[in-house]
Structures are given as structure tokens and as C-alpha cells.
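Architecture and fold: a report
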Amino acid sequence: MKIAFAKRELFGKEVAGLREQGQVPVVCYGNQEESQSFAVEAKMLKKALASDAMVFETEGDLSGKQVMVQDIAYHPVSREPIHLDFLFVDATHEVTHEVSIHIEGESPAEKAYGGQVLATLDKVEVRALPQHIPSQVTVAVDGLEEIGSRLTASDIPLPDNVTLVTNADEIIVSIVEESQEEEQEPEIDEDYLSKIEVTGKGGKKEDEEAAEDGGEGDVPDAG
């Protein structure tokens, strides 16, 4: 799948104008390449994110490259993507990437004991060639028959060409008594509305644009 990138000169609060025009500001970096700033059509971006593709071909003002989504910043209210980091990749070199965990099935403990499935991890890190990185990993809870039963990262079925990076002992999901699982209404941090802070893989803080006005800071080199 291809994504068209348009070079942009607008930064900081000025990117609000881009969003009004149906564009999303993005940056591309890594793989020994300089960080570059672009804009991508919002409709095209949503289509790409909704696909199962992990590696995208670039066209437009950035052509002939391969990129992966490294990080997405969402508006805290609308949940629309307001900024993306793309990582330049090389099909011949492995990368470490976070993938979502999909939980399927029904635990016998839910019916037998009124237990609740408690997910404690929603993503894991894996390492593979870019084209082999899965869009998500799936774990089944059908074998969890007792209160206290659990699955760890080591229980995730992975293809032979994909290596688990997350600690194998990390608990993904467990069965708890119903009273132990308390749903809390998510709170929106008011500071988030004025500044989004993204921490890159290199450990440097990136001050992103305000959710309403927009803007971005320095992007860590992930190469």
C-alpha cells in the first residue's frame, strides 16, 4: 500500500491550518536518514491505518522509501490522529516494533465461577524483518479454567521469523473475581489539551503540538 507525502513548511500552531484542510502533520526518521516533515491526507491516512499493512511504500514528495508507523498521537476527545511518526525501514534489516494484543475466546472460569477476564497488557514488542511484523498478535483465553489462571507473553503464538522482545514473564491476561475488576472512567488531563509529550525510542522527549492549535518539537533519531 502506498501513502503520498507532501513536504510541509508549517510548524507549531500553524499546523492547525493543515488539519482544517484535511491534512495530518507527520515526521519520518530513522535508518540513518535525516528527520523530515510532511503532511498526509487524513482520508488516505485513515485508510492506511485501518489496513493490515505494516510497511508502506511512499510517493509524492517522499518517493521510493519504505516506512512503518512508529507512533500516533490522537486528539483526547475526538480520537482522530493529529500527528504521526513514521520510521524509515529497510526490508533486509530487522526492526523492533510494538504490536497490539487481540484477546479471543471465552474462559470457562467466566461461566463456572463468575470470573472476569482482566487484560493487563495491550501491546508487546517483537523483532523481525519489517515485512514480517504482524499487525497484531492473538491469544485465546479458552484454556483459563480457574480464578487466578493467567497467560504471559511467552504464551503468544508467533511465527518462526518473529522474535518476542517483551519479557516472557509479563502477564497479558488473568482471570479474577468479579469484585477485583473495577472499571474507572477515563480522565482527560487538561494539560494534554495544551501539549502532547511523546517519548521516542531513543529516550528523548518530543514536545508535540497542542491538540487544538497543533505544533511539534524535535524528533528523536531512531536510526
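For the structure given in this document, a descriptive report is provided here. Numbering of residues starts from 1 in every chain and runs along the sequence as written. Under the rules for a predicted model, residues below a pLDDT of 70 receive no local features and side-chain atom pairs below 80 are neither given nor counted, while totals for whole chains, interfaces and linings still include all residues. Excluding hydrogens and water, the side-chain figures rest on all heavy atoms present in the structure.

1. A few points about the pattern of salt bridges
Short version of the rule: Whenever a carboxyl oxygen of Asp or Glu lies within 4 Å of a side-chain nitrogen of Lys or Arg, that contact is scored as a salt bridge. Every helix listed is a DSSP run of H or I at least four residues long, and every strand listed is a run of E at least two residues long, numbered separately from the N terminus. Each residue gets one of three labels from its accessible area relative to the maximum for its type: buried under 20%, exposed over 50%, partly exposed in between, using a 1.4 Å probe on protein chains only.
Per the counting criterion, the structure on display carries four salt bridges. We note a salt bridge from Glu 33 to Lys 65, for which the minimum N-O separation is 2.9 Å. In this pair, Glu 33 is assigned in strand 3 (residues 33–41) and Lys 65 in the loop between strand 4 (56–60) and strand 5 (66–74), connecting sequence segments 32 residues apart. Its relative accessible area of 23% is what places Glu 33 among the partly exposed residues. In this structure Lys 65 comes out as partly exposed when scored by relative accessible area, which is 26%. A salt bridge links Glu 106 to Lys 111, with the nearest nitrogen and oxygen atoms 4.0 Å apart. Judged by relative accessible area, which is 66%, Lys 111 ranks as exposed.

2. What to know about the side chain of Arg 8
Short version of the rule: Identification of polar contacts relies on pairs of N or O atoms within 3.5 Å, with a donor-acceptor requirement for protein atoms, meaning one able to donate a hydrogen and the other able to accept it, and with residues adjacent in sequence counted only if both atoms are side-chain atoms.
Note on placement: Arg 8 falls in the loop between strand 1 (2–7) and helix 1 (15–20). One polar contact links the side chain of Arg 8 to the main-chain carbonyl oxygen of Val 26, over a distance of 3.3 Å. Within the local environment of Arg 8, its side chain forms a polar contact with the backbone oxygen of Phe 38, the two atoms lying 2.6 Å apart.

3. Re unusual backbone geometry
Here Asn 31, not a glycine, exhibits a phi torsion of approximately 55°, which is positive. With respect to the helices and strands, the residue Asn 31 is situated in the loop between strand 2 (23–30) and strand 3. For Gln 32, which is not glycine, the phi dihedral falls at a positive 65°.

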